[in-house]
Amino acid sequence: MATRLFEEKDHIALYQQFRFSPQQNLLGVIFSYLERKKTNSFQLAVDVGCGSGQSTLVLAKRFEKVVGTDISAAQIKEAKRASHPPNVDYFLCPAEALPFKDSSVDLITAFNAAHWFDAPRFLREVDRVLTPAGCVAVSSYNLEAEVHYKDCSEKLTEIFMELREQFFAYADEKIQRVMNGYKEIFDSLLYQDKKRFIDIVDKVPFSIAGLMGYVESLAMYQTFLKAQPEVAKALLQNTEKRFLEAMGVSSRDTTVELWMKHICILGCKNP
Ligand SMILES: C[S@@+](CC[C@H](N)C(=O)[O-])C[C@H]1O[C@@H](n2cnc3c(N)ncnc32)[C@H](O)[C@@H]1O
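Here is a short report on the structure shown in this document. From a predicted model like this one, the values you see are computed outputs, not experimental measurements. (Residues numbered from 1 in each chain as written. Predicted model: local features only at pLDDT ≥ 70, side-chain atom pairs only at ≥ 80, totals over all residues. Heavy atoms only, no water.)

## Notes on the pattern of salt bridges
Under the convention used in this document: Any Lys or Arg side-chain nitrogen found within 4 Å of a carboxyl oxygen on Asp or Glu counts as a salt bridge. Partly exposed residues are those whose accessible area sits between 20% and 50% of the maximum for their type, while under 20% is buried and over 50% is exposed, using a 1.4 Å probe and protein chains only.
Evaluation of the coordinates by the stated rule reveals 13 salt bridges. The salt bridge partner of Arg164 is Glu165, with a shortest N-O separation of 3.5 Å. Note on Glu165: relative accessible area 48%, which makes it partly exposed. A salt bridge links Lys183 to Asp187, with the shortest nitrogen-to-oxygen separation between them at 2.9 Å.

Following this line, the structure appears as structure tokens:
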């Protein structure tokens, strides 16, 4: 059954404000694979589980047409509302029933989303809609990030991991797929030409306020917030205070770097 965790207006607003686009090193791995496999057609890319559209936009310069799809009406509404180039469109639909013709899509991506899907049904749809030699790229960051700032990175990372431990108890069971490095999705992908990376690192700049907003936008934090609102709010406030103290600064606009580790599965349909 589909997991519906991205439907509420307040959560979607946080999502739009604090989630970031896929970054340079991850995109480098995806695009260099794509260029090696699929040299002559960059007509249609589909970003499945597109959320509020940040991940879809990174494809717009490379493809004639890009479509973001999501099961959440609230996410699609937000994606449509946000600024996007004319070759980008958004559809409301489940990953397991994509509204595209057979052999019509050159690239399918799913950024930070595939663990929520019914993987075997999604991968059947991928195979149906991909063109011969079309590619699929399924990726997610895990939550084992490091926080870097001057000479106190070790302390900040420790504080971040302690924060993570507190709300991780509220993670949906599907998050286990991320913790397993998407191994089961990789095994279900039947293409001979496939690869799995588990250690692509991107460094994402965040203000301390932005980092707290990013944590708030996580589905597991939202579940924690619903279960124990006062405890969840106090945890964020206290963590922010500990970060600022460790850094020896007072402004929540101070920028740190979050070093995120990505899992990425790439596959190419037989030509
Ligand atoms: C964590 S968000 C990722 C959004 C975006 N790709 C990003 O990287 O910021 C996961 C998205 O997957 C969507 N989703 C979950 N299950 C889905 C399904 N079965 N079919 C399509 N979308 C789904 C959710 O509604 C949510 O917007």
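## Brief notes about the site of the ligand
Quick reminder of the rule: Here a residue is considered near a molecule or strand provided that any single heavy atom belonging to it is located within 4 Å of it. Residues adjacent in sequence count toward polar contacts only when both atoms are side-chain atoms; beyond that, a polar contact is any pair of N or O atoms within 3.5 Å, and within protein one must be able to donate a hydrogen and the other to accept it. Note on areas: these come from Shrake-Rupley sampling with a 1.4 Å probe, and a residue is covered only by the protein chains present in the view. Nonpolar residues are Ala, Val, Leu, Ile, Met, Phe, Trp, Tyr, Cys and Pro. Charged residues are Asp, Glu, Lys and Arg, and all others, Gly as well, are polar.
In the neighbourhood of the ligand, 20 residues make up the surrounding shell, with Gly49, Asp70, Ala95, Phe111 and Asn112 lying closest. At 3.0 Å, a side-chain N or O of Ser55 approaches a nitrogen atom of the ligand. Between the ligand and Ile71 there is a distance of 3.3 Å, counted from a nitrogen atom to a backbone nitrogen or oxygen. For the ligand, the accessible surface in isolation is 600 Å², of which the surrounding protein chains cover 98%. Residues of the shell around the ligand, tallied by class, amount to 11 nonpolar, 6 polar and 3 charged.

## Considering the packing of helix H9 (residues 208–217) against helix H11 (residues 229–247)
Working note: a packed helix pair is described by the angle between its axes plus the distance between those axes. To keep it simple, the criterion reads: As a rule, the C-alpha atoms of each element are fitted with a line to give its axis, helices using only the stretch in contact, and angles between N-to-C directions run from 0 to 180 degrees. A run of H or I in DSSP counts as a helix once it spans at least four residues, and a run of E counts as a strand once it spans at least two, with each numbered from the N terminus. Reported orientations rely on four angle classes, namely roughly parallel under 35 degrees, roughly antiparallel over 145, roughly perpendicular from 65 to 115, and oblique for the rest. Left-handed describes a crossing whose near helix is turned anticlockwise from the far helix through less than a right angle; right-handed describes the clockwise counterpart. By definition, residues are in contact when any of their heavy atoms lie within 4.5 Å.
Axis separation between H9 and H11 bottoms out at 11 Å; the angle between their running directions is 150°. If you check the angle between H9 and H11, you find them roughly antiparallel. When you trace H9 past H11, the crossing you get is right-handed. Residues Ile208, Leu211, Met212, Val215 and Glu216 of H9 pack against Leu236, Thr239, Glu240, Phe243, Leu244 and Met247 of H11. Considering only residue class, the contact of H9 with H11 consists of 8 nonpolar, 1 polar and 2 charged.

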